[in-house]
Amino acid sequence: MRQQPVLEVRGIRKEFPGVVALDGVDFRLFPGEVHALMGENGAGKSTLIKVLTGVHPADGGEVVLAGQRVRIAGPLQAQQAGISTVYQEVNLCPNLSVAENIFIGREPRRLGLIDWAEMRRRATELVCTLELDIDVSAPLDSYSIAVQQLVAIVRAVDVSAKVLILDEPTSSLDRDEVRQLFTVMRRLRDQGVAILFVSHFLDQIYEICDRMTVLRNGRLEGEYLTSELNQVELVSRMIGSELAGLDQLAGGKRRERSAPATDRAFLEAEGLARQGSVEPYDLAIRSGEVVGLAGLLGSGRTEAARLLFGADHKDRGTVRINGTETDLRSPRDAIAHGIAFCSENRKTEGLVGELTVRENIVLALQAARGWARPLSRTAQDKLALRWIGALDIRPGNPEALVRNLSGGNQQKVLLARWLITDPKLLILDEPTRGIDVGAKAEIQKLVADLAEKGMAVLFISAELEEVLRLSHRVGVLRDRRMVAQLRNDGELTPERVLATIASGAEQ
Amino acid sequence: MTTAPTTPGARAVTRYRLFWPAAVLAVLLLANLAFTPDFFAVHLKDGHLYGSTIDILHFGAPLILVSLGMTLVIATGGIDLSVGSTVAIAGALACLHISEAADPASLGTVLGAVGIALGTAVLLGLANGVLVARVGVQPIIATLILMVAGRGVAQLITDGQIITITSEPYKLIGGGYWLAMPFAILLSGLVALLTALLTRSTALGLLLESVGGNPVASRLVGIRAMRLVGLVYVFSALCAALAGLMVSSNVSAADGNNAGLWIELDAILAVVIGGTSLNGGRFSIGGTVLGALIIQTLSTTVYTIGIPPETTLVFKAFVVITVCLIQSPNFRAKLARRGAGRRAGVRPSPATTTNREVGA
Amino acid sequence: MNANALLTRVRGQIPLLVTSVLLVSMFTVGSVQYDGFFSGQVLLNLLIDNAFLLVVAVGMTFVVLTGGIDLSVGAVVALSTMVSAWLVERHGWPPLVVIPLVLLMGTAGGWLMGWVIHTFEIQPFIVTLAGMFLARGLCYTISVESISITDPSYTAMAQTRIPLGDLFVSPSVLIALLVVAAGFVVLHYTRLGRNVYALGGSEQSALLMGLPVGRTKTTVYAISGFCSALGGVLLTFYMLSGYGLHAVGLELDAIAAVVIGGTLLTGGSGYLLGTLLGVLVLGLIQTVISFQGTLSSWWTRIVIGGLLFVFIVLQRLITARRR
């Protein structure tokens, strides 16, 4: 049986200053299917969703909904056209009742006034059709995130039953809650609703989805039946595997990795965990060693690193530094023990945009010294100029505002900031994301050199080639669990890492 | 557009930032010349300097003080509405102490009074700081409490009366002369200088700007934001208390009801005119001083022109809204879009919008 | 799950409960302590003396529920008294023209402030601060002196007593209570009202749910402007004069009433009934202090400040636990 797609997107294009986020992407969604949208960071997943929900207008291409070309100008128009979205962060009002959240903006009215009894009655009806047991007059925030999400789905379906977009709804749900959600999703699918499902959990994708569309670097990689594409193939399509080409770009073969000189770990984590962000994991990093963390977006790789830096509080587990058990309660504690952390979100968690390059570079060192012991201006200038030179930061003006720099140069500023504190362990979270190839190669070389000189490095990246090129060992994460730690002994291939990610067990 | 922009040094940028407040001040001063031909004249009489410009500095001194503290608070992304009440409380405490002392004119009494006022200010500032930094109440709400209660406390101290005192040494703070200059000018100048030194020759300024500019990043860099934020509220209260001493000393009386009334609003205005954004981050001590002087000159000008002095408020309203519009990214974006439309093909880069911010 | 829901609901009511208990105990203590305190007329006088504050506080409740703040209310009240007095006394305009005109002016002013706040994303406090400067300044451009009103319809409004058995209220009280009732209906039975709560709960969500965020915001400030103007009209009935120094600091009283009435300053939670109680608490503080005789009027400020502190910390604890 060949149906008409309820939603079809043809040749959609979206540009942001300096980046083409979507480049001629096609996408089809049929009634009564659950369809996965897959892709890594920067693949264009969230941009596509934002175009469909009217948050960003498309620059080119067309959207056809139920056979009609439509122009989606905003969230309201999207809803009216029949596309509703439920986000990971529940976008409802926690202070209002469940019934109100379902009906706000379209409350039943009598004589111009809201008919509360009718609203409650209809809300209860809707909630019952999905077999949920909720008191609809209770405030939304008296329920768990999972229930709130279901309420959001009830609202979305009731507003417009054609297309339902679920953007990472399962990120903060436990196993039972996910099962409840899937039950609801299947019921809706059987009612003929087309569901677009985004999740970082491969198991969930394979459990619930009928088909999937894979995006990579803003382009369509392909559309597949879930039954016809196994997990290894999927992961390699998401991450891509043009290995040889990239290796040549970076200048020759993989670097020769000499084994680290010492055997003693600088940092050992044992059973470190945080509820809802990463399951207990063990990790040891020796001085002079580069440990890579590989895994898909949302696999817990950032969360694992944040625990080591004290940026998030651990629920359990211990950290030993140089053999002594240490409680890292804040970034400040971690910094005092010689740990540095370059966040993946340069703008929001890294740099202070309206300060200059020089000020951003000296910030960590100055914070460690305290306000009363300022670095003299001469010393600041010297440090800034030295690192601007060493990392080739452009423009080479220490007084340029950091927000006016390109992504690659901002990343270098962030690196410089931590390098002047002379850390013993450097944690780099996606240091090469969104920067050009030249800067990428430079940063990779720098990391290797630093390890050579005895620094311990934890290197997180979505690009396997990069991880393999630099790391002595690779920790593999999947669905918030550290599933394997692989020795990078020259035999380790990206394919093996891919297989480990896909299967969740060492291959 | 492809070559690296030859950005002028940050110092040149700050100078550029100060240019507009300075220009406005200059225009205001020159406008006075039209009404008062001898506006810039300064006479030396009995070893004291007199003149309109001296008056502006003299009457503007308390506002400068309060604005200095406010600048640092705003730099951290906060606001302090309680400074007016602190002004009143400080003046009331000092005058009460002096009026009850056996020897009101002795230096010891006056120093005691100053000590009591400043000590109390530290406590008040600490209360604000704890509410904001530790309890996590929004600054505007946290300081509103003291704004409301503080006036009552000031009146409680003065028992609802105006306490008048006669004390030569106390009179010096706000109404006296030293080296031919009104002491108040010297004092506020000194505090401004100290604030500039404290923030710029230690790392305090940098850390404050970092906390105000990006609190998340600041935590990840290991800055102890809580302490810093608490500290600026204490500093703000101290500045306000000094201003309170100055105001009460100038009239040799403490008025719990009217001393420092609405000074918090003038101070916020001065800070904003001086180029410090209400969103926190970059601050400029020099800009704030200029901003305070602009407000004082505005009041003086309105007064000398013969318009009812109360209508200064109308001017202030326009100044507030203009400055805020200029600082609003949305407004700038709209302006930029229009500008870009006119000169088709030129995409406004971040650098050009920064320039427009000042030029608008 | 139901127990949890009940708990959350009860937790939301804690400030309101505290306020009610406070009100009752203050009145009880007053009755035991002072002769002539325990009378219906003392209670009604609370309303008579604070009718204009009640109206202004209703407008402020709308604004605070969206998570905003309006510092201009006191100044707009003053400007309304000034314009009324000026037009009626100096120009001989009939009150039936002047009063609607003043109300329209307040509404338009509020709308404009709301528009600026929404369009340019400037903090409400700074925009309404400018509004406050402007309104106070405009008072003085009309006249620096107080203008007293001798128009017969105004004096009639001031002197009319509406009997309630042995007791009486003023027409202003009826108007104020009408405003409270209207405000209640709007907040609870119209889409606008529910949008106000939604906006205070989460502006981002409201936007994504397709609610008219911009329109709601501007409307809320327009309502506050209208209430301030009406408060000004009621104040002219009470004071029989227009003066630029009327209602100085009224914005603080209005905010205090709203907060003591249990509305969260971060928006999204609160009741108009609470605001009514808040105004009564403020009035009762003054009454107790005047009955006491030995306590001076400034104790009012200190007590209000103390109550503000308690309620703000209480709010903070409640919202912190909710996370």
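This structure is a prediction, so every number in the text was calculated from the model and none was measured. (Residues numbered from 1 in each chain as written. Chains lettered and ligands numbered in written order. Predicted model: local features only at pLDDT ≥ 70, side-chain atom pairs only at ≥ 80, totals over all residues. Heavy atoms only, no water.)

Some thoughts on the confidence of the model for chain A
The predicted coordinates of low-pLDDT regions are not to be read in fine detail. Summarising the model, chain A shows a mean pLDDT of 86, and 94% of its residues fall at 70 or more. Here residues 242-255 of chain A is a poorly scored stretch, pLDDT under 50, and it has 23 contacts once near neighbours within four places are set aside; other chains count. (pLDDT = per-residue confidence, 0-100. Contact = heavy atoms within 4.5 Å.)

Brief notes about helix 8 (residues 204-213) of chain B
Counting buried positions along helix 8 of chain B gives 9 out of 10 residues, so the element sits mostly inside the fold. Inspection of helix 8 of chain B places B:Leu204, B:Gly205, B:Leu206, B:Leu207, B:Leu208, B:Glu209, B:Ser210, B:Val211 and B:Gly212 among the buried residues, and these make up the whole buried set. In this fold, the buried residues of helix 8 of chain B make contact with helix 13 (357-369) of chain A together with helix 2 (52-75), helix 7 (183-200), helix 9 (215-221) and helix 10 (225-251) of chain B. (Buried < 20%, exposed > 50% of the residue type's maximum accessible area, 1.4 Å probe, protein only. Helix = DSSP H or I, 4+ residues; strand = E, 2+ residues; numbered from the N terminus.)

A short note on the interface of chain B and chain A
At the interface, 30 residues of chain B touch 34 residues of chain A. Taking both partners together, chain B and chain A bury about 2,700 Å²; carbon and sulfur atoms supply 62% of that area. Our count for the contact surface shared by chain B and chain A stands at 1 salt bridge. Salt-bridge contacts for A:Glu359 lead to B:Arg282; the nearest nitrogen and oxygen are separated by 2.6 Å. Put simply, chain B and chain A have 8 residue pairs in polar contact (both at pLDDT 80 or more) between them. Taken together, the elements giving at least two residues each to the side of chain B that touches chain A come down to helix 1 (10-35), helix 8, helix 9 and helix 15 (350-359) of chain B. (Buried area = accessible area lost by both parts, 1.4 Å probe. Salt bridge = Lys/Arg side-chain N within 4 Å of Asp/Glu carboxyl O. Polar contact = N/O pair within 3.5 Å; in protein donor to acceptor, adjacent residues only side chain to side chain.)

A few points about the environment of B:Asp266
One can find B:Asp266 in helix 11 (residues 263-273). For the pair B:Asp266 and B:Ile295, spaced 29 residues apart in sequence, the C-alpha separation works out to 7.5 Å. Apart from residues lying up to four places away in sequence, B:Asp266 is in contact with B:Leu63, B:Ile295, B:Lys316 and C:Phe133.

Things to note about the pairing of strand 15 (residues 290-294) of chain A
Residues and elements named next belong to chain A. Counting buried positions over the 5 residues of strand 15 gives 5, a clear majority of the element. Residues of strand 15 alternate between two faces, with Val 290, Gly 292 and Ala 294 on one and Val 291 and Leu 293 on the opposite face, all of them buried. In this structure, strand 15 lies alongside strand 20 (residues 456-460), joined through 4 bridges in parallel fashion. Counted as the bridge partner of Leu 293 is Ile 460 from strand 20. Bridge count for strand 15 against strand 21 (residues 473-478) is 4 bridges, and the pairing is parallel. (Pairing = 2+ DSSP bridges.)

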